Each structure stands twice: as C-alpha cells, then as structure tokens.
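Analysis of the macromolecular model
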Amino acid sequence: MMSGYFNGTKAWITNGGIADVHVVVAAVDPELKGRGQASFIVPPKTKGLSQGQKYLKHGIRASHTAEVVLEDVRVPGRCLLGGKEKLDAKLARYREGTSSGKQPAMATFEATRPAVGAQALGVARAAYEFALDYAKERKAFGKPIIMHQAIAFKLANMITEIDAARLLIWRASWLAKNGGYKNAEGSQSKYYASEMAVKVTEDAIQILGGYGYTREYPVERWHRDAKIHTIFEGTSEIQQLVIARAISGLRVE
Ligand SMILES: Cc1cc2nc3c(=O)[nH]c(=O)nc-3n(C[C@H](O)[C@H](O)[C@H](O)COP(=O)(O)OP(=O)(O)OC[C@H]3O[C@@H](n4cnc5c(N)ncnc54)[C@H](O)[C@@H]3O)c2cc1C
C-alpha cells in the first residue's frame, strides 16, 4: 500500500465481490516481504472494490468464487486489524531482527487448516455412509455386494482412513486452541484429510458402479467437492513443504 491506496487484483476469492465485508492483506513495508503485511477490513460498498471474473468450477458449485479488483481503494485507519500501535511495534521488531515470529497470514493457517480438514472429512464420511448402505442392499451374484471381499475391504479401508483423519484433525484442533504445535500438525491434518477424501469419494463411486457415475446419486458430486480440499487453504504440495520444513528445521524448497 505504497500510496495509501489499495490497488491490484486477487484471483480465487470465496464470496469475492459479493461478501458484505472483505479482508485485504496488503503490503505495508515491502522490504520486509511477507512479514511487512497488515490486514484491513474493507467495509461494504467501499468505492473501488469490485468483482472481476466469476469462476465456473469442477465442484463446490454452490460456493461463489471470483476475482476481487481493487482500484484506488481507501479505508479509514480504524479498519486496520489489531490497530496501528501494535502493527508499528511489530514491524519495528521485524526491522531490528528481534522477532522471529511467523508471517501473520501464515499464522492464521494453523487454526484454519484443521477446519478445512474437517470439511474434507465430512464429505468423505457422507460418501462412506452412502456407499456402506448401498453395499448392504445391492445384490450381485446372489448376495449383497458387501459380502464380496473386494467391496468389504474397500469399505474397511475407507472407515479406517476416515478415523485416522479425524484423529489428526482433533489433535491439530486441540493444539491450535491450547498451543503447543510442534511439527506442523495443522498441515498434517489438512493434507491427510484432503487426500483421503478424494480417495474415499472415488471408492464410493466404484462401490455404486454405474449409478455412482451418474448425477442421480450424490457420490459423484461429493467426489468433485472433495477435490478442492487438496487445493485451497494451501495445496497438498505446500502442506508437504510445511511439514518437511517443520521436521527438518531446514528451508526445503
Ligand atoms: C474454489 C477456490 C476458492 C478459493 N478461495 C480463496 C479465498 O477465499 N481466499 C484466497 O486468498 N484464496 C482462495 N483460493 C486460492 C487458493 O488458495 C489457491 O488456488 C491455492 O493456494 C493454489 O494457488 P494457485 O492457484 O496460484 O496455484 P499455483 O501456486 O500456481 O500452484 C500450481 C501447482 O504447483 C504446485 N506448487 C506451487 N508452488 C510449489 C512449490 N513451491 N513446491 C511444490 N509445488 C508447488 C501447487 O501445489 C500446485 O499443484 C481459492 C481457490 C479455489 C480454487
């Protein structure tokens, strides 16, 4: 925000341009790179904020995603989250090198990543429960398909992976609330739950056979919805980077 105005375009914003309130993370001291940022609330109907392209998506289609365009947007000082005094003190510590704190935007992810993992977990659970019921009902070669070991083992793996993801999410959520993160547990939970949800929803389609592939049944939608969790709030590859850096103490690239 060199001139005191926000300018720029941010792609991929959930509820971008239609939300009542937008939160903008802006560079206030570019020399400090990621640490020289501050978050501002942009109140409703602020001049200069508009919606750009709206994306047509593979999944989560009920959720609006669009570009946000900022043209000479100005907000009052009271819109600075945390207040100016705190920000100045923090930036001074960064400039002096007396603070090794995390980038503020990055720090919030520690709390939000387990929540995104929980969202993926819910999608996986819906698909598993649907597939389990279906497998008990649908008969092929004289018996319910769950009596065929190939299908039963698939369901056994699905519930095991769901429970494993749930435990990682519970641990990360507890640590996010009470403190004590050691090895990027938030990233571990989000990474595992997202990849698990893609796999479990795909297995659910397989268990439903042809019906699984149609829009008559909800599992193909859950598969499309599951995929986003490996992308937003940091892709799976970025979670792997965060985890690798945490366990090694090195800047793995
Ligand atoms: C539906 C949806 C909603 C979203 N909502 C929001 C929102 O509300 N707010 C917001 O700020 N953002 C939002 N996003 C943006 C989202 O967080 C980004 O799309 C995501 O972080 C990936 O960034 P990118 O699209 O620029 O991909 P890129 O950064 O271009 O990545 C492309 C590929 O390269 C890989 N890659 C990139 N860098 C590295 C690296 N260093 N090492 C290894 N692999 C790498 C990635 O993992 C990925 O596979 C949303 C995105 C979508 C699709």
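Model, not experiment: these values are computed from the prediction.

Below, the discussion takes up the overall build of the protein chain. Of regular secondary structure, the protein chain possesses six helices and seven strands. Secondary structure elements of the protein chain occur, N-terminal to C-terminal, as β-β-β-β-β-α-α-β-β-α-α-α-α. Seen through its C-alpha atoms, the protein chain measures out along the principal axes to roughly 75 × 40 × 30 Å. Sorting the 253 residues of the protein chain into buried and exposed places 30% on the buried side. In the protein chain, the proportion of contacts linking residues at least 24 apart, taken out of those at least 6 apart, comes to 67%.

Let us now look at the site of the ligand. Among the 13 residues in the neighbourhood of the ligand, the closest are listed as Trp 12, Thr 14, Phe 232, Thr 235 and Glu 237. Where the shell around the ligand is concerned, the elements lending two or more residues are strand S1 (6–14) and helix H6 (236–248). A breakdown of the residues in the shell around the ligand according to their chemical character gives seven nonpolar, four polar and two charged. When residues of the shell around the ligand are assigned to domains, at least three fall in each of domain 1 (6–96) and domain 2 (104–248).

It is worth spelling out the domain arrangement of the protein chain at this point. The assigned domain composition of the protein chain is domain 1 (6–96) and domain 2 (104–248). The straight-line distance from the C-alpha centre of domain 1 to that of domain 2 is 30 Å. With six residues of domain 1 at the interface, the matching set in domain 2 holds six residues. Of the residues that constitute the side of domain 1 that touches domain 2, the class distribution is two nonpolar, four polar and no charged.

Within the largest apolar cluster, 34 residues are counted, with the highest numbers of intra-cluster contacts made by Ala 124, Ala 127, Ala 131, Ala 193, Ala 197, Val 200 and Ala 204. Of all the secondary structure elements, the ones that give two or more residues to this core are helix H2 (104–137), helix H3 (149–178), helix H4 (185–208) and helix H5 (219–227). Among the elements that make up this core, the one with the highest residue count is H2 (eleven residues). The next biggest cluster of nonpolar side chains, apart from the first, holds ten residues, and it includes Phe 6, Phe 40, Val 42 and Val 73.

The terminal C-alpha atoms of H3, which comprises 30 residues, lie 43 Å apart, in line with the 44 Å expected from a rise of 1.5 Å per residue. Among all positions of H3, only Ile 151, Lys 154, Leu 155, Met 158, Glu 161, Ile 162, Ala 165, Leu 168, Ile 169, Ala 172 and Ala 176 are buried. Gly 179 lies just past H3 and shows a positive phi near 85°.

Moving on: the sheet that holds strand S5 (residues 65–73). Strand order in the open sheet formed by three strands is S1-S5-S4, and the pairing between neighbours is antiparallel. For this open sheet the edge positions go to S1 and strand S4 (49–54), each flanked by a neighbour on one side alone. Taking the axes of each pair of neighbouring strands and ignoring which way they run, one obtains an average angle of 25° across the sheet. Where S4 and S5 come together, four bridges link them in antiparallel fashion. In the strand pairing of S5, Leu 49 is matched with Leu 70.

This next bit is on the environment of Gln 188. The residue Gln 188 is located in helix H4 in this model. Note: C-alpha distance between Gln 188 and Ala 165 (23 residues apart in sequence) is 9.3 Å. Leave out the neighbours within four places in its chain, and Gln 188 touches Leu 168, Ala 172 and Ile 243.

On to the packing of H3 against H4, then. For the pair H3 and H4, the least separation of the axes is 9 Å and the interaxial angle reads 160°. When the axis of H3 is compared with that of H4, the two are roughly antiparallel. Judged by the sense of rotation from one axis to the other, the crossing of H3 with H4 is left-handed. Contact residues: H3 offers Ile 151, Lys 154, Met 158, Glu 161, Ile 162, Ala 165, Leu 168, Ile 169, Arg 171, Ala 172, Leu 175 and Ala 176, while H4 offers Glu 185, Gly 186, Gln 188, Ser 189, Tyr 192, Ala 193, Met 196, Val 200, Asp 203 and Ile 207.

What follows concerns the environment of Val 242. Looking at where Val 242 falls in the secondary structure, it is placed in helix H6. Val 242 sits 103 residues away from Lys 139 along the chain, and the two C-alpha atoms are 46 Å apart. Those residues in contact with Val 242 that sit more than four places away from it in its chain are Ala 184 and Ser 187.

Its location among the elements puts Cys 79 in the loop between S5 and helix H1 (84–96). Judged by the 16 C-beta atoms lying within 10 Å of it, Cys 79 is partly exposed. In the structure, Cys 79 is positioned 36 residues away from Pro 43 in sequence and 8.1 Å away in space, judged by C-alpha atoms. When neighbours within four sequence positions are excluded, Cys 79 is seen to be in contact with Phe 40, Ile 41, Val 42 and Pro 43.

Reading guide: rules and limits
Residues numbered from 1 in each chain as written. Predicted model: local features only at pLDDT ≥ 70, side-chain atom pairs only at ≥ 80, totals over all residues. Helix = DSSP H or I, 4+ residues; strand = E, 2+ residues; numbered from the N terminus. Buried ≥ 20, exposed ≤ 12 C-beta atoms within 10 Å, placed from the backbone. Contact = placed C-beta atoms within 7 Å. Near = placed C-beta within 6 Å. Nonpolar A, V, L, I, M, F, W, Y, C, P; charged D, E, K, R; others polar. Domains from an automatic or database assignment. Core = buried A, V, L, I, M, F, W, Y, C linked by C-beta atoms within 7 Å. Expected span 1.5 Å × (residues − 1). Pairing = 2+ DSSP bridges. Axes fitted to C-alpha atoms, helices over the stretch in contact; angles between N-to-C directions. Parallel < 35°, antiparallel > 145°, perpendicular 65-115°, else oblique. Left-handed = near helix turned anticlockwise from the far one by under 90°.

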